[in-house]
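The chain contents come next:
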Amino acid sequence: MKFLKVVSLVLFLGLFATLESQAQEVGIRFGNVNGNNVAVDGVFALGEFSRVHADVSFGNDGVGIDALWNPVYDDISSSDFKWYAGFGPSLFLSDNFKFGVAGEIGAEYPFSEVPITIGLDWRPYFIIVEETSFDAGGFGLNIRWRLN
């Protein structure tokens, strides 16, 4: 099981390093993030209406990793707000290893005067490995700095 944890971490860090060069926004996420309370948050463009929303969270004697694909990323009509929805893998690396999938739906506001984006989202988790469970309490506040 330790081998699986190490391989998973190395693969995610490789993906994260590859996407880092295309980062649009980097910041912090507060709230329930894979069982932790705070995460380093990043958004990586895949196209005009698609992106990857990734988090690395710390706390509870472990590290949580989420890499969610947001195939829906669009304007909320007649406002500056944008909404997004997506899904992707979720890992928690500690003595109590967890692997599953997470969904996400949220809205965000990119300020025009400063390169900051603030968003709120809901992220339910369906854990498959080592024990099967469902957690619907994944609400979070994202504060990110736009790099582009």
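Keep in mind that what you see is a predicted model, and the values were worked out from it rather than measured.

(A) Representation of the pairing of strand β4 (residues 62–75) in the model. When strand β3 (residues 51–59) meets β4, the two strands line up antiparallel, connected through 9 bridges. Bridge pairing in β4 places H53 opposite L68. From the end of β3 to the start of β4, which pair antiparallel, there are 2 residues, and N60 there has a positive phi angle of about 50°. Of the strand pairs in this sheet, β4 and strand β5 (residues 82–93) are connected by 9 bridges, and their pairing is antiparallel. Across the sheet, the residue bridging to V63 is L93, located in β5. Where β4 folds back onto β5 in an antiparallel hairpin, the turn is made up of 6 residues, including S78, whose phi is positive at roughly 55°.

(B) Focus on the pattern of salt bridges. Tallying each qualifying case throughout the model produces 9 salt bridges. Taking the shortest distance from any N to any O, the salt bridge between R144 and D41 comes out at 2.9 Å. On the criterion of sequence distance, the pair formed by R144 in strand β10 (residues 139–146) and D41 in strand β2 (residues 36–45) is long-range, its members being 103 residues apart. As far as burial versus exposure is concerned, R144 and D41 are alike and both buried. Note that E104 and R123 form a salt bridge whose closest N and O atoms lie 2.7 Å from each other. Of this pair, E104 sits in strand β6 (residues 98–110) while R123 sits in the loop between β7 (116–122) and β8 (125–129); the two residues are 19 residues apart in sequence, bridging distant segments of the chain.

Here is what the cut-offs are and how they apply
Residues numbered from 1 in each chain as written. Predicted model: local features only at pLDDT ≥ 70, side-chain atom pairs only at ≥ 80, totals over all residues. Heavy atoms only, no water. Pairing = 2+ DSSP bridges. Helix = DSSP H or I, 4+ residues; strand = E, 2+ residues; numbered from the N terminus. Salt bridge = Lys/Arg side-chain N within 4 Å of Asp/Glu carboxyl O. Buried < 20%, exposed > 50% of the residue type's maximum accessible area, 1.4 Å probe, protein only.

Function cannot be read off these values alone, since they describe shape.
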